[in-house]
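Residue-level structure breakdown
What follows is the residue order along each chain.
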Amino acid sequence: MITVAKFGGSSLASAEQFKKVADIIHEDPSRRYIVPSAPGRRFDDDTKVTDLLYACYNAAEAGQDVDGPLALVRERYEEIISGLGLAVSLDEDFKTIRQNLLSHAGRSYAASRGEYLNGKLLAAFLGFEFIDAADVIRFNDADEFEDDRTNLMLAKRLKDADYAVIPGFYGSRDDGSIATFSRGGSDITGSIVARAVTADMYENWTDVSGVLIADPHIIKDTEVIDTITYKELRELAYMGASVLHEDAIFPVRSEGIPINIRNTNHPQDKGTMIVESTCKRAKYLVTGIAGKKGFASINIEKDRMNEEIGFCRKVLQVFEDNKLSMEHMPSGIDTMTVVVHQSEFQHREQQVISGIHRAVHPDVLELESGLALLAIVGRGMQDTRGVAGRAFTALARKNINIKMIDQGSSELNIIIAVKEKYFEEAIKALYEEFVTNCPHPRVD
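Attention in this report is confined to the structure presented alongside it. Just so we're clear, the structure is a prediction, and the values are computed from it rather than from any experiment.

About the cut-offs
Residues numbered from 1 in each chain as written. Predicted model: local features only at pLDDT ≥ 70, side-chain atom pairs only at ≥ 80, totals over all residues. Heavy atoms only, no water. Axes fitted to C-alpha atoms, helices over the stretch in contact; angles between N-to-C directions. Helix = DSSP H or I, 4+ residues; strand = E, 2+ residues; numbered from the N terminus. Parallel < 35°, antiparallel > 145°, perpendicular 65-115°, else oblique. Left-handed = near helix turned anticlockwise from the far one by under 90°. Contact = heavy atoms within 4.5 Å. Nonpolar A, V, L, I, M, F, W, Y, C, P; charged D, E, K, R; others polar. Expected span 1.5 Å × (residues − 1). Buried < 20%, exposed > 50% of the residue type's maximum accessible area, 1.4 Å probe, protein only. Phe/Tyr/Trp six-rings, centres within 6.5 Å; stacked < 30°, edge-to-face > 60°. Lys NZ or Arg CZ within 6 Å of the ring centre and 35° of its normal. Pairing = 2+ DSSP bridges. Core = buried A, V, L, I, M, F, W, Y, C linked by side-chain atoms within 4.5 Å. Salt bridge = Lys/Arg side-chain N within 4 Å of Asp/Glu carboxyl O.

1. Remarks on the packing of helix α10 (residues 311-321) against helix α12 (residues 349-360)
- Relative to each other, α10 and α12 sit at 150°, their axes nearing to 9 Å. Classified by the angle their axes make, α10 and α12 are roughly antiparallel. Relative to α12, the crossing made by α10 is right-handed. Residues F311, K314, V315, V318 and F319 of α10 form the contact with α12, whose participating residues are V352, G355, I356, A359 and V360.
- Looking at the contact of α10 with α12 residue by residue, the class counts come to eight nonpolar, one polar and one charged.

2. Quick notes on helix α1 (residues 15-27)
- Over its 13 residues, α1 runs 18 Å from end to end, which matches the ideal 18 Å to within 8%, given 1.5 Å per residue.
- Burial in α1 covers these residues: A15, Q17, F18, V21, A22, I24 and I25.
- In the core, the buried residues of α1 are packed alongside β1 (3-7), β2 (31-36), α3 (67-84), α5 (107-126) and β7 (201-206).

3. Looking at the packing of aromatic side chains
- Tallying each qualifying case throughout the model produces seven aromatic pairs.
- Their ring planes at 15° and their centres at 5.8 Å tell us that F7 and W205 sit as a pair that is stacked. You can see F7 sitting in strand β1 and its partner W205 sitting in strand β7, a full 198 residues away along the chain.
- One aromatic cluster is present, formed by F139, F145 and F181 through successive ring pairs.
- Residue placement shows R107 over the ring face of Y54; its charged tip is 4.0 Å from the ring centre.
- The ring of Y170 carries R113 above its face, with NZ or CZ at 5.3 Å from the centroid.

4. Description of the sheet that holds strand β9 (residues 259-263)
- Strands sit in the order β3-β4-β2-β1-β7-β9-β10-β8 across an open sheet of eight strands; the sheet is mixed. This sheet does not close on itself; its edge strands, each paired only once, are β3 (129-130) and β8 (227-229).
- Here β7 pairs with β9 via five bridges, running parallel. Within β9, the residue paired with W205 across the bridge is R262.
- Across the sheet, α1 lies against β1, β2 and β7, angled at about 155° from β2, the strand it touches most.

5. Quick look at the nonpolar core
- Of all hydrophobic cores here, the largest spans 119 residues; its most connected members are V4, F7, Y33, I34 and L158.
- Contacts of Y33, omitting those with residues within four sequence positions, involve I2, T3, V4, A5, L158, A161, D162, A164, I166, V193 and V197.
- Counting residues in hydrophobic clusters, the runner-up holds 18 residues, among them I300, F345, I353 and I356.

6. Looking at the pattern of salt bridges
- The tally for this structure, following the rule as stated, stands at 32 salt bridges.
- Of the charged contacts in the structure, one is a salt bridge between E203 and R262, with a shortest N-O distance of 3.9 Å. One end of the pair, E203, is in strand β7; the other, R262, is in strand β9, and 59 residues separate them in sequence. As far as burial versus exposure is concerned, E203 and R262 are alike and both buried.
- Between R397 and E433 there is a salt bridge whose closest N-O contact spans 3.3 Å. Placement of the pair is R397 in helix α13 (residues 387-397) and E433 in helix α14 (residues 423-436), with a sequence separation of 36 residues.
- Given a relative accessible area of 10%, E433 falls into the buried group.
- Each member of the salt-bridge network shares a partner with another, and the members are E27, R31, E203 and R262.

Here it is as structure tokens:
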């Protein structure tokens, strides 16, 4: 049995948290490969170490003193060293970091030092081997992750390492310079390591006890999802659920490795299992409900649109020419709607409008802003009658008007657009319909 365990910033924010992590790791000898994030917040008004490092980078780039902000970073690590009673010195590391900042080693280099230093301390505390991610994770010169090459390098390096700590979030280019994944990318590193060692389990330890059915800021005491498929999680992550970086799914999915979301502060909780597929029935018809604000729609009408070959392509070409991505595109016989992120679209809206007029000569073209998208996601929805009807009825009871409906052919999700002012109320209405009013496990 091989388990890869990734621990997030809140799990490693202090010496006390380090001790919790060590207890978890030592409890199960299968937890052989550990991926740490940089120290997160210790309390609400605290600052993450990664943000302190960005401040160091900004000071260096502006020609300002870096010693002040770098001292704050060092203070965080010295507190951890002291609290753990480690006989470890980071003097040379901070000397090197300072020199590299002053020589403009880059934003990615600065940010990566949080994981690097935390990895060294965790390895020392656990008695594990430390493996620098820069030696085993590769990016090309365009900062694109080199998937296959990294897998070969990492598998070869870890083959002879029984227990190791590999820092998350970063890797290197061929010239040795540091490159990083997007924020939260330690999740991706954990997934990459799990694939390289063909792990039986990838545990992702954080400060919540799993993936929640709905946003806890909107629904108090929302339930934890017991088991969810990769596809379901992708849909929920796209719509704002953020327990796991959405790109972390792909490496483990290719090997069929399950992910277990766990809570460092409540290790007795089973958390959420994320799997490729399962015969296990979801407790409710709907696995999760999520949503995001900040969308706009471009509504196009033209008589006999369906008879005009290439109509949709011509419209979408306008968006491509203006470097705008499309989120959804519901359509009818004589109507077509394109949903986009409003913040991106509003800077190019007039170019898009004139481009569509020139491309397809619509009878009517209307814009609508201030939209929110809601997603009802669940494998239990497939081949189940009346799900959409129940959702629409639930919203109607709250006098919430539906602006758009979109459902994929997989029947895994239903996307509903409403005005932003109804966003929270709509989430509550859907949760009430599919969870609160269905307190018992679903039966056919």
